[in-house]
Amino acid sequence: MPENHLIDPADYTNPDVLALEEKYIFRQAWHLAALTRDIPNELDYVKRLIGATDLVIHRHEGRIVAYANVCPHRFSAFFEKPSGHGPIRCPYHLWTYNGDGMAIGVPHRHNEALACYQTADLRLETWQVETLGEFIFVSAEPRQRLDEFLGATLPALDQMSRAIGAEKPKRVQDIAANWKVVLQNTVEFEHAFSVHADTFAADVQKPLQVDSDPDADNTISYTTRLNPKRYERPRDARVNEIFKRVPVPYPDGYRHHVIFPATTIGYTDNQQLAIMDYQPTGTGSCRMFARLFSFEVPDLTRAEMAMLEIVGPWHTAYAEKLFAEDQAICEAVQRGLSSRPSRMKGVLQPGERLVRRFQEIYCQWMDR
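Calculation rules
Residues numbered from 1 in each chain as written. Predicted model: local features only at pLDDT ≥ 70, side-chain atom pairs only at ≥ 80, totals over all residues. Heavy atoms only, no water. Helix = DSSP H or I, 4+ residues; strand = E, 2+ residues; numbered from the N terminus. Rg over C-alpha atoms; globule rule 2.2 N^0.38 Å. Buried < 20%, exposed > 50% of the residue type's maximum accessible area, 1.4 Å probe, protein only. Phe/Tyr/Trp six-rings, centres within 6.5 Å; stacked < 30°, edge-to-face > 60°. Lys NZ or Arg CZ within 6 Å of the ring centre and 35° of its normal. Core = buried A, V, L, I, M, F, W, Y, C linked by side-chain atoms within 4.5 Å. Contact = heavy atoms within 4.5 Å. Pairing = 2+ DSSP bridges. Salt bridge = Lys/Arg side-chain N within 4 Å of Asp/Glu carboxyl O. Arc of directions from axis to C-beta. Polar contact = N/O pair within 3.5 Å; in protein donor to acceptor, adjacent residues only side chain to side chain.

Participant: Help me understand the overall build of the protein in this model?
Facilitator: Scanning the protein from terminus to terminus reveals 7 helices and 19 strands. On C-alpha atoms alone, the protein measures out to a radius of gyration of 22 Å, which is about the 21 Å that the 2.2 N^0.38 rule sets for 368 residues. Along the longest, intermediate and shortest principal axes, the C-alpha atoms of the protein span 80 × 60 × 30 Å. Burial status across the protein gives 52% buried among its 368 residues.

Participant: Even after reading the chapter, I still don't get the packing of aromatic side chains, so can you show me in this structure?
Facilitator: Each aromatic ring pair is described using two quantities: the centre-to-centre distance and the angle formed by the ring planes. A complete count under the given rule lists 18 aromatic pairs for this structure. The interplanar angle of 25° and the centroid separation of 3.9 Å between the aromatic rings of Y45 and F79 together place this pair among those described as stacked. With a gap of 34 residues between them, Y45 in strand β3 (residues 44–50) and F79 in the loop between β5 (63–68) and β6 (83–85) connect regions that are remote in the sequence. Accessibility classification places Y45 together with F79 in one group, the buried group. Ring geometry for W95 and Y117: centres 5.3 Å apart, planes at 85°, overall edge-to-face. Taken together, the residues W95 in the loop between β6 and β7 (96–97) and Y117 in the loop between β8 (103–105) and β9 (126–132) connect sequence positions 22 residues apart. You can call W95 buried: its relative accessible area is 4%. Counting every residue linked through ring pairs, the aromatic cluster contains F26, F149, W179, F260, F358, Y362 and W365. A cation over an aromatic ring shows up here: R48 above the ring of F289, its NZ or CZ 4.3 Å from the ring centre.

Participant: Sorry if this is basic, but what is going on with the nonpolar core here?
Facilitator: The tendency in soluble globular proteins is for nonpolar side chains to be buried as a group. Ranked by internal contacts, the top residues of the largest apolar core, which has 74 residues, are F135, F137, W179, I265, L273 and Y362. The element that contributes the greatest number of residues to this core is helix α6 (residues 302–338), accounting for 8 residues. When neighbours within four sequence positions are excluded, F137 is seen to be in contact with W30, H31, L32, Q128, V129, E130, L132, L146, L150 and I259. Grouped together as the second largest cluster of nonpolar side chains are 16 residues, Y67, C71, F79 and C90 included.

Participant: For this particular structure, what's the right way to read the pairing of strand β14 (residues 219–225)?
Facilitator: The two faces of a sheet get side chains in turn, since along a regular strand they alternate between them. Buried residues dominate β14, accounting for 6 of its 7 residues. Sheet topology places strand β13 (residues 210–212) next to β14; 3 bridges connect them, and they run antiparallel. Pairing of V210 across the sheet is with T224, part of β14. Between β13 and β14, which pair antiparallel one after the other, the connecting turn spans 6 residues. Relative to strand β15 (residues 253–259), β14 runs antiparallel, the two being bridged by 7 bridges. Looking at β15, one finds that T224 is bridged to Y254.

Participant: Would you take a moment to explain the pattern of salt bridges for this structure?
Facilitator: Note that side chains of opposite charge can pair when their charged atoms are close. Per the counting criterion, the structure on display carries 29 salt bridges. Close ionic contact of R225 with D211 constitutes a salt bridge, the shortest N to O distance being 2.9 Å. Taken together, the residues span a long stretch of sequence, with R225 in strand β14 and D211 in strand β13 at a distance of 14 residues. Look at R225 and you get partly exposed, because its relative accessible area is 23%. Judged by relative accessible area, D211 falls into the partly exposed class, the value being 29%. The network of salt bridges with common partners includes E3, R356, R357 and E360.

Participant: How do you make sense of the side chain of T264 when you look at a structure like this?
Facilitator: Locating T264 in the fold gives a position in strand β16 (residues 263–268). Residue T264 is classed as buried on the basis of its relative accessible area, which comes to 0%.

Participant: I'm lost on helix α1 (residues 15–26) in this one. Help?
Facilitator: Working note: α-helix, 3.6 residues per turn, so residues spaced by three or four point in the same direction. Within the span of α1, buried status applies to V17, E21, E22, I25 and F26. Around the axis of α1, the buried residues are gathered within 150° of arc, so they sit on the same side. If you check the start of α1, you find a side-chain oxygen 2.8 Å away from the backbone N of D16, and it comes from N14.

The following block contains the structure:
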């Protein structure tokens, strides 16, 4: 029997709800913000949007720190470029800060002591940082430790993060849909045969088989079984055998992890790793940060390297088609929500169990 939605349809268009999500979810959850390879050297930085915060992740004084990209003096941003190198120094009046967010250099002080500028309201807004292999997680006000937050998913993520290979070009995509619409789309499979009829549906095993992991507090993990005939051609079979050497649990299908609230990690037969994050930019909009990687395959021969160089661009093009298809349908859902008659409350079918699980996690974080 179908079940009622746990999230009110009005919550996808209400700016007051977005403000509460910022308070209860985006500031208190852990977010996969960057990889350690993004900032390999002292004073390297990258910027990331996390909820309403323009966040800087910075290798500073021998450790990784994170802070809001705003100077407490006259509110200038420290950095404009998405990545770069330099100290924590405001370009406006050259105030300089240490990794704890305290001012250590304040020009034009005249006879005032530096301590006058080291008060709580003149410190940077610093976030907590934890690393898991190559993954850098951040949180402004975490409800729990990272290991507690990730739970049973932690070992798989740790192992995966240590097998990441070369990166393809990054993709940033603005989507005219509420972030919750997009995340629920990632844990629902029935639309594969309509939205992805010429892409993902061609590879899915029929009838559809999805093996979901036991329910976890803040993550949703599952494997979608794919058609075994996809490796009938000799070249495809050879590529598949090569990727079986990757030191990651081989799923024989599409393996997907959703880290609440807004990060997804997916890979198919270890052939390509996709890390995607969907941060709200407004009530009816979000921004997707997508990163595609190959996996490190041990002991590759020259012939195998050449073969993988041929299939790599195909994997990237395939992912970009899926991104475009998902964007179009999520935007259609948002348009429907914006013009929805109030009597329409929606239902969830039995096959949409993981959508309901996402809504359960959401309601727990919103203290409903």
